[in-house]
Amino acid sequence: MPAPKPFNLHFPDEALADLQARLARTRWPDQAPVEAWSVGTDVAYLKALVEYWRDGFDWRAQEATLNAFHQFTVPLAGIDLHFIHQPGVGPKPLPLLLSHGWPGSVFEFAKIIPMLTDPASHGGHERDAFTVIAPSLPGYTLSFKPGQPRFGVEEIADAFAQLMTNVLGYQRFAAQGGDWGAFITSRLGCKYPQFLHGIHVNLLAVRRDPKILEGRTLEDRVFLNQLEHWLKEETGYQWIQGTKPQTLAFGLSDSPVGLAAWLVEKFRTWTDCDGDPQNALTRDEMLADITLYWLTGAIGSSFWPYYTRIHRPWPIPEGATVDVPMGYTEFPKEILSPPRALAELMYTDIRRWTSMPKGGHFAALEQPAALAKEIREFFRPLRPG
């Protein structure tokens, strides 16, 4: 395998000037005469966010945040794969693969990586240190170039297994993820158990089929109501991204405000924010992610896991199970919260199941200290002696 090459993030001034010009030329829609946010992103909120994006947001500071980590690229699976490889500070750091999801990026991990690599400096113990490997998902932001192959969950899991073993030389490792990262992590646990000490997720990759809940318990029926609302009111983005991703990519690749509207609505809906996304995420955190998608032109490619999800079987094959040790942290505003009895049908070795008092879908950004503590405590008994 080719050796990884050091990577430093820097977009040219011309790209930033083009973004500024496009923001200044925005043609705004009117606000529908209904309750704000009830039919999508609120116009007044987005106007204020875009004003800050144009006049107050410092992209170079965000580049510096990522460049503080050790970053690399490596030719793998037909693309140049970008990843952070941050050494742990401790006697025996455990290699930990962190996988983000959509509409995320490695910016999600900026706060939690130091908590995992240097726990002694963040209220923990040096024996719990991890060496963190955090790739940009293939097709996402820094792992994207125009015309490259497209990846579903299955191909991403295969690429990450190669990265950890063939490229970086880890015989065994730990893995953690949310959103698509939870699916990738679960797929790794199913297909490559020999490589894994265990897996930890903050979203469960169980099937979203109401039929599997027929005739079950009250707890299952509570989840069924949640699932039915999700399927009716919150999956429109999945259907367009999963059936006509190319069509959607035209608008979101040409309009930065259109891109921001598409992503900000998720930052609001999926966080524990009481209706205002800035109660959960800062403007800089949201705009760092949005700007990275804009500057890399990767939004269309990032839809591909949705396309493959709709056009293939479930990433964990029918009848297959995930048999490695598994931990799960449930945040109250996660998009779906299946009961443990349902999770046990797929995850056969659940060692830790924790319900948190606050937080949502973007746990590494919303509640990094709480998530880091859970990851440390789950993997502590699984570390090699």
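Residues numbered from 1 in each chain as written. Predicted model: local features only at pLDDT ≥ 70, side-chain atom pairs only at ≥ 80, totals over all residues. Heavy atoms only, no water.

Undergrad: Could you give me a rundown of the overall build of the chain, with the residues and numbers involved?
TA: Regarding its fold elements, the chain presents 16 helices and nine strands. Overall size of the chain, expressed as C-alpha extent along the three principal axes, is 60 × 55 × 40 Å. Put simply, the chain has 385 residues, and 56% of those count as buried. Relative to all contacts within the chain whose residues are 6 or more apart in sequence, the contacts with residues 24 or more apart total 79%. Counting every atom, the chain has about 15,900 Å² of accessible surface; 52% of that belongs to carbon and sulfur. Of the side-chain charges in the chain, 36 are positive and 43 negative, and the distance between the mean point of each set is 4 Å. (Helix = DSSP H or I, 4+ residues; strand = E, 2+ residues; numbered from the N terminus. Buried < 20%, exposed > 50% of the residue type's maximum accessible area, 1.4 Å probe, protein only. Contact = heavy atoms within 4.5 Å. Areas by Shrake-Rupley, 256 points an atom, 1.4 Å probe, with all protein chains shown as cover. Lys, Arg positive; Asp, Glu negative; His and termini not counted. Charge placed at Lys NZ, Arg CZ, Asp CG, Glu CD.)

Undergrad: How would you summarise empty space enclosed by the protein if you had to cite specific residues and measurements?
TA: Scanning all chains against the criterion turns up two cavities of 30 Å³ or more. In this structure, the largest cavity encloses a volume near 110 Å³. Taken together, 16 residues make up the lining of the largest cavity; nearest its centre are E108, F109, G178, N202 and H361. Listed by contribution, the elements that provide at least two residues to the lining of the largest cavity are strand 6 (173-177) and helix 15 (363-366). Class assignment of the residues belonging to the lining of the largest cavity gives a composition of six nonpolar, eight polar and two charged. Grouping the constituent residues of the lining of the second largest cavity by class yields six nonpolar, no polar and two charged. (1 Å grid on protein atoms, 1.4 Å probe; cavity = no way out; pocket = protein on both sides within 12 Å on 5 of 7 lines; lining within 4 Å. Points joined across faces, edges and corners; volume = space filled by probe spheres on them. Nonpolar A, V, L, I, M, F, W, Y, C, P; charged D, E, K, R; others polar.)

Undergrad: Outline the environment of T141, listing residues and values.
TA: Among the secondary structure elements, T141 is positioned in the loop between strand 5 (130-135) and helix 5 (153-167). A C-alpha to C-alpha distance of 29 Å links T141 and P193, two positions 52 residues apart in sequence. Setting aside anything within four residues of it in sequence, one finds T141 in contact with S105, S136, L292, Y293, T296 and A298.

Undergrad: So, the sheet that holds strand 1 (residues 5-6): which residues are in play, and what are the values?
TA: Spatially, nine strands are ordered 1-2-3-5-4-6-7-8-9 in an open sheet, and the strand pairing comes out mixed. Among the strands making up the open sheet, the edge pair consists of strand 1 and strand 9 (350-355). Of the pairings in the sheet, the one linking strand 3 (residues 79-86) to strand 5 comprises four bridges and is antiparallel in character. Pairing of H85 across the sheet is with I133, part of strand 5. Of the strands in this sheet, strand 4 (94-99), strand 6 and strand 7 (196-201) touch helix 6 (residues 180-191), which is tilted by about 155° from strand 7. (Pairing = 2+ DSSP bridges. Axes fitted to C-alpha atoms, helices over the stretch in contact; angles between N-to-C directions.)

Undergrad: I'd love a proper account of the layout of surface pockets, names of residues and values included.
TA: Estimated volume of the largest pocket: approximately 460 Å³. Along the wall of the largest pocket there are 20 residues; nearest its centre are R208, W230, Q238, R309 and W314. Secondary-structure elements contributing two or more residues to the lining of the largest pocket are helix 6, helix 7 (218-233), helix 8 (236-243) and helix 13 (304-311). Broken down by class, the residue content of the lining of the largest pocket amounts to 12 nonpolar, three polar and five charged. Considered as a void within the structure, the second largest pocket measures approximately 360 Å³ in volume. What lines the second largest pocket is a set of 18 residues, among which W37, G40, E233, E234 and E265 lie closest to the centre. Elements represented by at least two residues in the lining of the second largest pocket include exactly helix 8 and helix 10 (256-269). Sorting elements by how many residues they give to the lining of the second largest pocket places helix 10 first, with six residues. Partitioning the lining of the second largest pocket into residue classes produces six nonpolar, six polar and six charged.

So far we have only geometry, and geometry alone does not tell us how the molecule works.
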